[in-house]
Amino acid sequence: MASSHSSSPVPQSNSSDAFFKKEMDATKRFRPVQSLPDVCPKEPTGDPHNLCDSPSLVADQHRWTIYHSKVNLPAALNDPRSPRNILHYTNRKSLRERRFMKDARTFVLLKIPSTGLYYTPTINPGQIWNKYLSTAGGKGNRDAASSKLLQEKLSHYLDIVEVNIAHQISLRSEAFFHAMTSQHELQDYLRKTSQAVKLLREKIAQIDKVMCEGSLQVLRLSLTRNNCIKAYNKLKLMATVHQTQPTVQLLLSTSEFVGALDLIATTQEVLQQELQGIHSFRHLGSQLCELEKLIDKMMIAEFSTYARNDLNRPLEDDCQILEEERLVSLVFGLLKQRKLNFYEIYGDEMIITAKNVIKQCVVNTVSQIEEIDTEVVVKIADQMRMMNFPQWFDLLKNIFSKFTIFLKRIKATLNTIRSVVFLVLDKNQKTRDLEDTLQKNSKDSTVDTEVAYLTHEGMFISDAFSEGDLPPVAADTTSQRNTSPNSEPCSSDSVSEPECTTDSSSSKEQTSSSVTPGAVEMMISDDMKLTDLELVRLANNIQELLYNASDICHDRSVKFLMARAKDGFLEKLNSNEFVTLSRLMEGFILDTEQICGRKSMSLRGALQSQANRFVNRFHEERKTKLSLLLDNERWKQAEVPAEFQDLVDSVSDGRISLPEKKPAATEERKPAEFLVVEGQKYATVGTVLLLIRIILEYCQCVDNIPSITTDMLTRLSDLLKYFNSRSCQLVLGAGALQVVGLKTITTKNLALSSRCLQLIVHYIPIIRAHFEARLQPKQYSMLRHFDHITKDYHDHVAEISAKLVAIMDSLFDKLLSKYEVKAPVPSACFRNICKQMAKMHEAIYDLLPEEQTQMLFLRINASYKLHLKRQLAHLNVVNDGGPLNGLVTSDVAFYTGNLQALKGLNNLDLNMAEIWEQKR
């Protein structure tokens, strides 16, 4: 064939090639850019006067029909799967153009003139004949001869072409027959190959039948069995899911909110993972979401109802939790749905219930009092104000008792809720620890690998054999792992984990809904995703709610007290009534602090405010009483009743309090002349006896109301200072002359006043120790008031002693200034002095202790010696043994004898030698 091609007689003229090339260049230069040919061309159109508009056999045979729709060029060129379509099309077009140019070159070589009737790629053959026919028949019969001539030329040209074709065939006959021979040999080869293939297929079929068909059938049946198991499990799962809504309704009818929520969560998980795309369940997911929202509202309403029922139960001594399992279930459900503000509902109910507790107590108490007409007095506050103190006190005690039980119930309920929160928190911690352990173990473990063969269904052969021995759930899990491309991958080691099994959600539901009878322990589902921070904050808020409950009770109690105190009722209470009220309130405050674990300041502040008012009134009453007593005191020694002696004895025994009133004894004890305090006799006035009782009342108020210790200390200091200053004004300042009407302030009055002051000074350290034991260390600085008072009292006693000495000093100055040394002996001056000394001793000896009497007379004697010495120096009498000296010595001996003869002064060292001037 190569030789035949090389011996082609077609002349290869350079000139013709040049001519052809020049013509092609010209064609390329002037030919306009044409679009791709339409694969569905329209019918030929032309001049309306042309014959082409009429039916034409030549034109109609080339008209495009639907049978020519072999290729859709736009679709083929725009197909993204075949990016080489455009290139292929352009290559075919250029090949066609080259063939046409070759044919055109052949026409030139055959010397066939160009008539414009030959085929070109851009001209339809039908158009050529239309052009020819229109040209031939356009001028009628006049040009019939020219048409015939043209036809003969065309016939001649056809003959030339046939001759050349025959010549070309003759030149290529050898290649033609060689191709035919090769065709026969190729057919023989194909026949032999077909027979060999047929034989090989028969042998392979026998081998397949003997060795492979049974094994493949086993694999096929195993896969079929597994598919059937999967289908069965899937249908069973669909049946279970189909029963979700009725089951949820059943659970909600029994208030099993946790079980219903777990079932919904499980169903949602199954729908998203295992039943995704099931047409019959396309609306179930949205329905379950709406049902979950409905359950949220139901749980909140149920918790509100529970709180209302729990708090509005009759307040008896029973502090048991109301329906503990129901409460635990509700709390778990609310936590599962992240409704972390549910405790606010309980707080609102607490406020309402606290108001109702007081209202109900007032109504019950008023209904039992016949003096209050509820039809006339409508308002509860007005009804309460009509009660006397015992009735109102019993009402307050009842309210405090109810509030105590109320707080105990709240504490029990809130502790149960907090225990649930702590269980969830503990579960989170255990889950984290377990995950850390599993991660640590997974890093240390190694996974064995095995060779697996993939079948045509996407299953591993090893899995296909092993799944036959697995339970349905595990087989379903394995198939899901291998065939579900959208699900999360699970390792082969974790097939038994709950996350990868179909029944994991049902196990969660079972564990989360199992509640112990005491609600102490509960299994929490794994899908309760709450952070530790949220749980701790919730636990703190619940604990704070218990503190708020205590504050609510205290606030309502304060309002109850203020409503009663509007008319000054509390300020009019006597000390015993107020102490009783204070003890009741202090007891309630301590009970609430013990229950709730935190101090509430509102009721304590109200008590402190009322206590301050009570202290002010208490102090003013006693100060006024003391002032009246002092203004009416005649400063004479008073008898001491037996009750005052008992009072002093109790203080000596360490009991600083007023003794309880005892029934009247059969034998009435007579009052004593002196008050005996720790073996010492104190002559006193009635005012001081009452002052001692008043002081003990202050001390007892401090014991009964510890919150007023500092105020009482200040008031008591003020009272003691007032007594000291007022007594000084009345006695030393002689104010009693005008106030009481005394004629004079005697030495006995002065000595009695001194002894009364000493009695008060004796009790100041005891009072100081009593207050010190009840003050805080930072308040010890207030005890300096007692030190100042003690100093003031001692100064006052010293002033009274100085006053007594001053009285005798003025007497000595008056008498001794007229003394003359002469007979008779003893002189009248010394007899008068000894008489006044005896009167002084008689006035003070029974009032003052012997030691104080001796010290006083020593000071008086010193004053006597000073005046006598001055007078002797004035008279120039010296100790020279002369007659004047003898007279003076006799008078002094008379004075000394009389003074030492007085009771208690016999051993007094007078040292009378000091009256003489010492010789220099």
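Nothing here was measured: the structure is a model prediction, and the numbers come from that model.

## Notes on empty space enclosed by the protein
Here comes step 1: Summed over the entire model, instances satisfying the criterion amount to two cavities of 30 Å³ or more.
Here comes step 2: When its volume is computed, the largest cavity comes out at roughly 70 Å³.
Here comes step 3: Contributions of two or more residues to the lining of the largest cavity are made by α23 (686-704) and α26 (747-772).

## Quick word on the confidence of the model for the protein chain
Here comes step 1: Taken as a whole, the protein chain shows an average pLDDT of 76; of its residues, 73% reach a score of 70 or greater.
Here comes step 2: When the criterion is pLDDT under 50, residues 446-523 qualifies, and its contacts beyond four places in sequence or with other chains add up to 98 contacts.

## Focus: the nonpolar core
Here comes step 1: In terms of nonpolar packing, the biggest core is built from 200 residues, with Ile295, Trp392, Phe771 and Phe857 touching the most fellow members.
Here comes step 2: The greatest single-element share of this core, amounting to 18 residues, is contributed by helix α15 (residues 389-444).
Here comes step 3: Setting aside anything within four residues of it in sequence, one finds Phe857 in contact with Met837, Met840, His841, Ile844, Leu899, Leu902, Leu905 and Leu908.

## Considerations on the side chain of Asn749
Here comes step 1: Mapped onto the secondary structure, Asn749 falls in helix α26.
Here comes step 2: Looking at Asn749, its side chain comes within polar contact range of the side chain of Thr746, at 2.8 Å.
Here comes step 3: Excluding anything up to four places from it in sequence, Asn749 contacts Arg634, Trp635, Val731 and Thr744.

## Here we look at the packing of helix α10 (residues 257-273) against helix α11 (residues 284-311)
Packed helices, taken two at a time, are described by their axes: the angle between them and the distance between them.
Here comes step 1: For the pair α10 and α11, the least separation of the axes is 10 Å and the interaxial angle reads 160°. When the axes of α10 and α11 are compared, the pair comes out roughly antiparallel. Here α10 runs over α11; the crossing is left-handed. Note on element contacts: α11 touches α10 through Leu284, Gly285, Leu288, Cys289, Leu291, Glu292, Ile295, Met298, Met299 and Glu302, opposite Phe257, Ala260, Leu261, Ile264, Thr267, Gln268 and Leu271.
Here comes step 2: When the residues that make up the contact of α10 with α11 are grouped by side-chain class, the tally is 12 nonpolar, three polar and two charged.

Parameters at a glance
- Residues numbered from 1 in each chain as written.
- Predicted model: local features only at pLDDT ≥ 70, side-chain atom pairs only at ≥ 80, totals over all residues.
- Heavy atoms only, no water.
- 1 Å grid on protein atoms, 1.4 Å probe; cavity = no way out; pocket = protein on both sides within 12 Å on 5 of 7 lines; lining within 4 Å.
- Points joined across faces, edges and corners; volume = space filled by probe spheres on them.
- Helix = DSSP H or I, 4+ residues; strand = E, 2+ residues; numbered from the N terminus.
- pLDDT = per-residue confidence, 0-100.
- Contact = heavy atoms within 4.5 Å.
- Core = buried A, V, L, I, M, F, W, Y, C linked by side-chain atoms within 4.5 Å.
- Buried < 20%, exposed > 50% of the residue type's maximum accessible area, 1.4 Å probe, protein only.
- Polar contact = N/O pair within 3.5 Å; in protein donor to acceptor, adjacent residues only side chain to side chain.
- Axes fitted to C-alpha atoms, helices over the stretch in contact; angles between N-to-C directions.
- Parallel < 35°, antiparallel > 145°, perpendicular 65-115°, else oblique.
- Left-handed = near helix turned anticlockwise from the far one by under 90°.
- Nonpolar A, V, L, I, M, F, W, Y, C, P; charged D, E, K, R; others polar.

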